[in-house]
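One letter stands for each residue in the lines below.
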Amino acid sequence: FGTPVNQSNRCWTEWFDRDDPSATGDWETLCKLRKENPGKICPTPAAIEAKTLSGLTVAAAGDVIYKNDITSGFICRNKDQINNKKCNDYRVRFSCYPPFCGGGVCWTSWFNRDNPGATGDWEILSELKKQNKICDNPLYVDAVTTDTMTPAIYTGETFYMYNPTDGFVCRNKDQTTGKCSDYKVRFGCPCNN
Ligand SMILES: [Ca+2]
Ligand SMILES: [Ca+2]
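All figures in this text were calculated on a predicted structure; none of them were measured in a lab.

Draft legend 1. Examining the sheet that holds strand β12 (residues 183-190) more closely. One open sheet accounts for three strands, arranged β7-β12-β9; its pairing is antiparallel. Two strands close off the open sheet at either side, each with one partner strand: β7 (105-107) and β9 (140-145). Each strand axis lies, on average, 25 degrees off the axis of its neighbour in the sheet, ignoring direction. For β7 and β12, the ladder comprises three bridges, and the chain directions are antiparallel. Each bridged residue has a counterpart across the sheet, and for cysteine 106 the counterpart in β12 is cysteine 189.

Laid out in structure tokens, this is it:
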């Protein structure tokens, strides 16, 4: 099911440069980049590209790279370099599938209808639709904690439901701590909706 997406339909995000190598290294992690640039990086990047600020590829720069993948993002640690050299300063960007790039996705505002006081945090699309204007068929759902805006995928909690068709549910009984964080959610809709 679903139409295969050919590579030429992909598009790149803007370049991100959140850190420099002055301390322990250049930490362009996906977790921090998502947190600092909400909505600008697609939920499932197809690829990552890193270049130095001067435009060199990773191979040309010659640094030893600790991480450079679509799960972690990019990390160059100074301690991994030879002769006490520091890492170069890198910027990164991500390749995304349509319709994420090119203005194809418009995000709703954040919604927080429940808190985890009882059985869990139930941010269900059908319930949210009763009180808010949300498109009929969202393409994406994004959940972050209400206090620190930490993306749900980085909290280590287990989710009973997390998809753009049904919404988001975190049940207290599924957590080792016995309690979910409080989350808020937003939906990515086609912009012409
Ligand atoms: Ca950098
Ligand atoms: Ca909530």
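What follows picks up the thread again.
Draft legend 2. Main features of the coordination of the calcium ion (ligand 1). Around the calcium ion (ligand 1), the donor atoms from the protein are Asp17 (OD), Asp19 (O), Asp26 (OD), Asp26 (OD), Glu28 (OE), Asp89 (OD) and Tyr90 (O), and they sit 2.3 to 2.7 Å away. When the donors of the calcium ion (ligand 1) are listed by position in the chain, the intervening gaps give D-x1-D-x6-D-x1-E-x60-D-Y.

Draft legend 3. Fine view of the environment of serine 109. Inspection of the secondary structure assignment puts serine 109 in the loop between β7 and β8 (120-124). As for serine 109 and lysine 133, which are separated by 24 residues in sequence, their C-alpha atoms are 10.0 Å apart.

Draft legend 4. Seen up close, the nonpolar core. Core analysis: the biggest nonpolar cluster contains 14 residues, and Phe74, Tyr90, Val92 and Phe94 have the highest contact counts within it. Of all the elements in the fold, those that place two or more residues in this core are α1 (30-36), β3 (47-52), α2 (58-61), β5 (73-77) and β6 (90-96). Of the residues forming this core, the biggest block, three residues, is contributed by β6.

Draft legend 5. Structural detail: the sheet that holds β6. Within the open sheet, the three strands sit side by side as β1-β6-β3. Their pairing is antiparallel. Taken across any chain shown, the strands that pair with only one partner, and hence form the sheet edges, are β1 (11-12) and β3.

Draft legend 6. Fine view of the UniProt feature "domain: WxxW" (unreviewed entry) in the protein. This chain's UniProt record puts "domain: WxxW" (unreviewed entry) on residues 12-96 and 107-189. Helix and strand shares over residues 12-96 are 13% and 32% respectively, and the end C-alpha atoms of the span are 6 Å apart. Span residues 107-189 is 8% helix and 33% strand, its end C-alpha atoms 6 Å apart.

Draft legend 7. Summary view of the coordination of the calcium ion (ligand 2). Here the calcium ion (ligand 2) is held by Asn112 (OD1), Asp114 (O), Asp121 (OD), Asp121 (OD), Glu123 (OE), Asp182 (OD) and Tyr183 (O), and the distances to it run 2.3 to 2.7 Å. Donor residues binding the calcium ion (ligand 2) come from one chain and are separated in sequence as N-x1-D-x6-D-x1-E-x58-D-Y. Classification of asparagine 112 as partly exposed rests on a relative accessible area of 42%. Exposure remark for aspartate 114: the relative accessible area of 23% places this residue in the partly exposed category.

Draft legend 8. View of the environment of leucine 125. Mapped onto the secondary structure, leucine 125 falls in helix α3 (residues 125-131). For the pair formed by leucine 125 and proline 138, sequence separation is 13 residues and the distance between their alpha carbons is 9.4 Å. Each residue touching leucine 125, except ones within four places of it in the same chain, is listed here: Ile134, Pro138, Pro164, Thr165, Asp166, Gly167 and Phe187.

Draft legend 9. Representation of the pairing of strand β11 (residues 167-171) within the structure. The buried count for β11 comes to five of five residues, which makes it a mostly enclosed element. Residues of β11 alternate between two faces, with Gly167, Val169 and Arg171 on one and Phe168 and Cys170 on the opposite face, all of them buried. Alignment of β8 against β11, held across five bridges, turns out to be antiparallel. Of the residues in β11, the one forming a bridge with aspartate 121 is cysteine 170. Sheet analysis places strand β10 (residues 161-163) next to β11, joined by three bridges and oriented antiparallel. Note on β11: the bridge partner recorded for asparagine 163 is glycine 167. In textbook terms, the turn of a hairpin is the stretch between consecutive antiparallel strands, and for β10 and β11 this stretch comprises three residues.

Analysis parameters
Residues numbered from 1 in each chain as written. Chains lettered and ligands numbered in written order. Predicted model: local features only at pLDDT ≥ 70, side-chain atom pairs only at ≥ 80, totals over all residues. Heavy atoms only, no water. Pairing = 2+ DSSP bridges. Helix = DSSP H or I, 4+ residues; strand = E, 2+ residues; numbered from the N terminus. Axes fitted to C-alpha atoms, helices over the stretch in contact; angles between N-to-C directions. Donors = N, O, S within 2.8 Å, 3.2 Å for Na, K, Ca; no water. Core = buried A, V, L, I, M, F, W, Y, C linked by side-chain atoms within 4.5 Å. Buried < 20%, exposed > 50% of the residue type's maximum accessible area, 1.4 Å probe, protein only. UniProt positions renumbered as here; feature names shortened; annotations may be inferred. Contact = heavy atoms within 4.5 Å.

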